[in-house]
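Architecture at a glance
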Amino acid sequence: MREKVIKIGSRYIGGGFPIAIQSMCNTKTENIEATVAQILKLEEAGCEIIRVAVPTMEAAEAIKEIKKQIHIPLVADIHFDYRLAIASIENGVDKIRLNPGNIGSKERVAKVVELAKEKGVPIRIGVNGGSLEKELYQKYGGVTPKALVESAMRHVSILDELNFNDIVISLKASDIKLTVESYRLLSKTVDYPLHLGVTEAGTHFTGTVKSAIGIGILLYDGIGSTIRVSLTEDPVEEIRAAKKILEVLELRQFGVKIISCPTCGRTEVDLVRIAKILEERVAGINKEVTLAVMGCAVNGPGEAKEADLGIAGGKNEFLLFKKGLVIRKLKEEEVVEAVLSELESM
């Protein structure tokens, strides 16, 4: 089912628009200086939509000043208190994350929806496996895909009754299979854009692996319009992981893409060190180029023949090649600068 298009500030998601990368600040939103500093750092890393926690009225009021100093859409994360949603919208937020069934009477929901309509602010319904309603847990005998989807649809129905359809939905769990099956079921049920993620995925290594598998499966299936990799880590690492997931699936490319071999007994150069240096040095080069870093001259150029540029190690030297064709030899100590120079001229 093709997802409808939703506008979040200056950005569009759904309907074939590029998959947008999100993250969430771990600063206190009331601390405007720290929050803005983190958002600007995330912008530089490639974050395209940023969310902040709004647990207090002071945090809601801070949105006004934060918005003045950043350049990407801002999302307010609201739980239970409809007044915080109203204040966030009044202060210029671009989207709110809010489950309408959790903020009290329909009159309160209607007040939020009326203002959201007026300001063109979409609402993301976010269902988490860890906070499933008790009656649904009992009905389905636990947290299941059907339970999570029914939970989401309860919230959707409230907004439907108010003729509000500027909606994004997420169904997150820490279990990959549950997450994938839930999104698959939901994608057959609604045409709203889906926000993908594996919640509470873990620390840097574990969380990146779990997120790559869960989000990757869904994106490969054609499901999802925006992603957030959740890590117990500096949020900048979430952006790096998200970009890599999209690159690997060939959904988007962010500058130079490196492919490298794992090395073997034929390797006679310090390929691991050189690959790491090149990865770091090309990070700021905004060219859609594929760079191959291969360990030996036996298979290097052939295995990486589709690369725009590449190197293949020999005995203390490298072959430099383009599209699989060797163009010259390089000493090991000069290979990094030679590759960078070649990239610059491309």
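Structure: above.
Quick summary incoming for the structure in this document. Just so you know, these numbers come straight off a predicted model, no measurement behind them.

What about the sheet that holds strand E13 (residues 309-313)?
Two pairing modes exist for strands in a sheet, parallel and antiparallel, and in both the strands are linked by backbone hydrogen bonds. Strands sit in the order E11-E12-E13-E14-E15 across an open sheet of five strands; the sheet is mixed. In the strand order of this sheet, the two ends are held by strand E11 (257-260) and strand E15 (325-331), each with one partner. The mean inter-strand angle of the sheet, taken between neighbouring strand axes irrespective of direction, is 20°. Across the face of the sheet, helix H10 (residues 271-281) comes into contact with E11, strand E12 (290-294), E13 and strand E14 (317-322) while running at roughly 165° to E12.

What to know about helix H7 (residues 176-187)
In this model H7 runs 16 Å from its N-terminal to its C-terminal C-alpha over 12 residues, within 8% of the 16 Å that 1.5 Å per residue would give. Taken as a whole, H7 has its buried residues at Ile176, Leu178, Thr179, Val180, Ser182, Tyr183, Leu186 and Ser187. As for H7, its buried residues are in contact with helix H6 (145-161), strand E8 (167-172), strand E9 (195-196) and helix H8 (204-220). The N-cap of H7, judged by a side-chain oxygen 3.2 Å from the amide nitrogen of lysine 177 a few residues on, is aspartate 175.

Points about the pattern of salt bridges
Counting across every chain of the model gives 23 salt bridges. In this structure, glutamate 237 engages arginine 240 in a salt bridge whose closest nitrogen and oxygen atoms are separated by 3.3 Å. One end of the pair, glutamate 237, and the other, arginine 240, are both in helix H9 (residues 235-248), three residues apart, so they sit about a helical turn from each other. Given the relative accessible area of 16%, glutamate 237 is considered buried. Among the charged side chains, a network of salt bridges with common partners joins Glu135, Lys139, Glu150 and Arg154.

Some remarks on the sheet that holds strand E4 (residues 49-53)
Across the sheet, which stays open at both edges, the eight strands sit in the order E8-E7-E6-E5-E4-E3-E10-E9 with parallel pairing between neighbours. Taken across any chain shown, the strands that pair with only one partner, and hence form the sheet edges, are E8 and E9. In this structure, E9 lies alongside strand E10 (residues 226-228), joined through two bridges in parallel fashion. In the strand pairing of E10, histidine 195 is matched with threonine 226.

A closer look at a nonpolar patch on the surface
Where nonpolar side chains cluster on the molecular surface, the patch consists of Phe205, Val209, Ile213 and Ile217 and spans about 370 Å² of accessible area. Assignment of secondary structure puts valine 209 in helix H8. Overall, the relative accessible area of 38% leaves valine 209 in the partly exposed class.

Some points on the nonpolar core
With 76 residues, the main nonpolar core has Ile50, Val54, Leu74, Ile96, Val112, Ile169 and Leu196 as its most contacted residues. If one sorts the elements of this core by residue count, H6 sits on top with seven residues. Among all residues touching valine 54, those that are not within four sequence positions of it are Ala59, Ala60, Ile63, Ala76, Asp77, Ile78, Leu84 and Ser88.

Some points on helix H2 (residues 57-69)
For an α-helix, 3.6 residues make a turn, and residues three or four places apart therefore share a direction. Where H2 bends most, at isoleucine 63, the angle is about 30°. Taken together, the buried positions of H2 are occupied by Ala59, Ala60, Ala62, Ile63 and Ile66. Against the buried residues of H2 lie helix H1 (32-45), E4, strand E5 (74-77) and helix H3 (82-90).

Overview of the packing of aromatic side chains
Taken as a whole and assessed by the stated rule, the structure comprises one aromatic pair. On the numbers, 5.3 Å between centres and 20° between planes, the contact of tyrosine 12 with phenylalanine 17 is stacked.

Re the environment of leucine 278
Its location among the elements puts leucine 278 in helix H10. The buried category is assigned to leucine 278, whose relative accessible area is 0%. Note: C-alpha distance between leucine 278 and aspartate 175 (103 residues apart in sequence) is 35 Å.

Rules and cut-offs
- Residues numbered from 1 in each chain as written.
- Predicted model: local features only at pLDDT ≥ 70, side-chain atom pairs only at ≥ 80, totals over all residues.
- Heavy atoms only, no water.
- Pairing = 2+ DSSP bridges.
- Helix = DSSP H or I, 4+ residues; strand = E, 2+ residues; numbered from the N terminus.
- Axes fitted to C-alpha atoms, helices over the stretch in contact; angles between N-to-C directions.
- Contact = heavy atoms within 4.5 Å.
- Expected span 1.5 Å × (residues − 1).
- Buried < 20%, exposed > 50% of the residue type's maximum accessible area, 1.4 Å probe, protein only.
- Polar contact = N/O pair within 3.5 Å; in protein donor to acceptor, adjacent residues only side chain to side chain.
- Salt bridge = Lys/Arg side-chain N within 4 Å of Asp/Glu carboxyl O.
- Patch = residues over 30% accessible without salt bridge, like charges linked within 9 Å, V, L, I, M, F, W, Y side chains within 5 Å.
- Areas by Shrake-Rupley, 256 points an atom, 1.4 Å probe, with all protein chains shown as cover.
- Core = buried A, V, L, I, M, F, W, Y, C linked by side-chain atoms within 4.5 Å.
- Bend = angle between axes of the 7 residues up to and from the residue.
- Phe/Tyr/Trp six-rings, centres within 6.5 Å; stacked < 30°, edge-to-face > 60°.

This is a description of form; function is not addressed.
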